[in-house]
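An overview of the molecular structure
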Amino acid sequence: MTRCAVFGTGSWGTPFAMILADAGCEVSLWGRRKELVDTINATRTNPEYLPGIELPEGITATTDPAVALAGADFAVLAVPSQTLRQNLAAWAPLLGERTVLVSLMKGIELGTVKRMTEVIREVAGVGADRVAVVSGPNLAPEIAKRQPAASVVACADEKVAQRLQQACHTPYFRPYTNTDVIGCELGGAVKNVIGLAVGMADGMGLGDNTKATLMTRGLAEITRLGVALGADPLTFSGLAGMGDLVATCSSPLSRNHTFGVNLGRGMTLEQTIAATKQTAEGVKSCESVLDLARRNGVEMPIVAAVVDVVHNGRPPHAVMKDLMARSAKPERR
Ligand SMILES: NC(=O)c1ccc[n+]([C@@H]2O[C@H](COP(=O)([O-])OP(=O)(O)OC[C@H]3O[C@@H](n4cnc5c(N)ncnc54)[C@H](O)[C@@H]3O)[C@@H](O)[C@H]2O)c1
Ligand SMILES: O=P(O)(O)OC[C@H](O)CO
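Residues numbered from 1 in each chain as written. Chains lettered and ligands numbered in written order. Predicted model: local features only at pLDDT ≥ 70, side-chain atom pairs only at ≥ 80, totals over all residues. Heavy atoms only, no water.

What counts here: UniProt positions are given in the numbering used here, feature names are shortened, and annotations may be inferred rather than shown by experiment.
The name given to the protein in an unreviewed UniProt entry is Glycerol-3-phosphate dehydrogenase [NAD(P)+], with Kitasatospora acidiphila as the source organism. One UniProt comment on the protein, placed under Subcellular location (unreviewed entry), says "Cytoplasm". The record in UniProt for the protein states the following under Pathway (unreviewed entry): "Membrane lipid metabolism; glycerophospholipid metabolism."

Structure follows, in structure tokens:
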């Protein structure tokens with residue numbers, strides 16, 4: 001039987017553990033808080049992140065990373081991106097020689113501008129064939145209700161991607177394989193930033209033309225960055241690109257979208273942060289994405305506008321006006 005360790009008992013780690021268990025894997029779910037771990041084991045629910053959802057029997061929670069990783073074929077990482085490096089440094093010595101590390105995270109590390117698989121390879125000292133990504137339109141509350149969804153499992157080694165695909169394939173979760181790790185990761189990280197921009201437009205009361213414009217030009221920015229970093233441009237018209245962008249930018253379930261709505265309605269950054277209980281990765285990653293783009297000579301005006309609002313305190317309506325005042329251009333260049 002396939003054994004999986006899932007690190008993170010939050011909004012996505014918990015339903016992903018559910019997917020793996022429903023697909024027939026034995027799952028050990030690591031959490032840092034003993035009270036929550038005990039509650040999960042005692043009640044087979046995670047009342048803090050997935051209230052009202054019964055977890056399958058194949059999941060056992062633990063606070064001990066060594067217990068979680070014992071005999072694990074896959075170690076699935078679902079903690080906030082900016083905490084990965086520090087957490088993984090503690091877990092890496094406990095990894096088996098063949099354990100494949102799977103990133104569910106959609107962020108870019110601040111300062112180093114590294115993708116999560118780059119951080120994983122560096123900290124765990126593993127090759128590209130032992131690192132995979134799962135990314136797609138996967139709003140956790142819908143998956144927890146077992147509503148049909150698809151996703152992409154990407155690994156440089158297609159055979160590894162196929163093994164992971166099998167490990168997380170259920171009647172409600174349909175994973176497709178891809179070998180474009182860079183494209184899948186960038187699609188996930190940058191759509192969060194575009195989700196913030198579309199949320200702001202929503203919050204300002206702007207309509208569907210504005211939102212469609214931000215999404216489409218946002219996808220052009222994602223693709224431009226991806227191509228500069230060696231991704232396959234076709235990845236961005238797939239589930240990890242356009243698919244995830246559509247889900248995030250249109251759903252009130254998206255934390256990034258909701259964060260943007262609150263800013264667009266006139267809440268201050270402090271008020272918005274206080275109102276956000278879970279991880280909205282784009283809030284930090286907008287800065288690292290812009291940094292990554294600048295280091296590679298890629299222009300990302302929507303991402304820059306989001307940074308201006310979120311980190312430089314400019315009002316959303318002012319940055320929207322600036323975006324519209326940019327010089328006229330051909331659609332493709
Ligand atoms: N929620 C979704 O719908 C969804 C879907 C796809 C991908 N993701 C991605 O999954 C990743 C995790 O997001 P989430 O939605 O589960 O977030 P979350 O805020 O719901 O949960 C984060 C989990 O990490 C734990 N955590 C927080 N800080 C930590 C630290 N310093 N050390 C160790 N653990 C820590 C929290 O206790 C919690 O269990 C993000 O990168 C997100 O973009 C989320
Ligand atoms: O809630 P968000 O904004 O982190 O989005 C969740 C997922 O990434 C959607 O695929």
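Further notes follow.
Describing the pairing of strand 4 (residues 74–77)
Worth spelling out the cut-off: Three labels apply to residues, based on accessible area from a 1.4 Å probe with only protein chains included: buried if under 20% of the type maximum, exposed if over 50%, partly exposed otherwise in between. Think of it this way: any DSSP run of H or I at least four residues long counts as a helix, any run of E at least two long counts as a strand, and we number them from the N terminus. When DSSP finds two or more bridges between two strands, those strands count as paired. A right-handed crossover is one whose linking path, passing over the helix from the first strand to the second, runs clockwise when the strands point away from the viewer.
Side chains Phe74 and Val76 of strand 4 all project onto a buried face; the interleaved residues Ala75 and Leu77 project onto the opposite face, where all are buried too. In terms of strand pairing, strand 4 meets strand 5 (residues 100–103) through four bridges, oriented parallel. Directly across from Phe74, in strand 5, lies its bridge partner Val100. Handedness of the β-α-β unit built from strand 4, helix 4 (residues 84–91) and strand 5 comes out right-handed.

Focus: the sheet that holds strand 1 (residues 3–7)
Convention followed: Lines fitted to C-alpha atoms define the axes, with helix axes restricted to the stretch in contact, and inter-axis angles between N-to-C directions lie between 0 and 180 degrees. By the convention used here, residues are in contact when the closest approach between their heavy atoms is within 4.5 Å.
With mixed pairing, eight strands are arranged side by side in an open sheet as 3-2-1-4-5-6-7-8. Of all strands in the sheet, those with a lone pairing partner are strand 3 (59–62) and strand 8 (173–178), marking the two edges. Adjacent strand axes in the sheet meet at a mean angle of 25°, parallel and antiparallel pairs treated alike. Across the sheet, helix 4 is in contact with strand 1, strand 2 (26–30), strand 4 and strand 5; its angle to strand 4 comes to roughly 155°.

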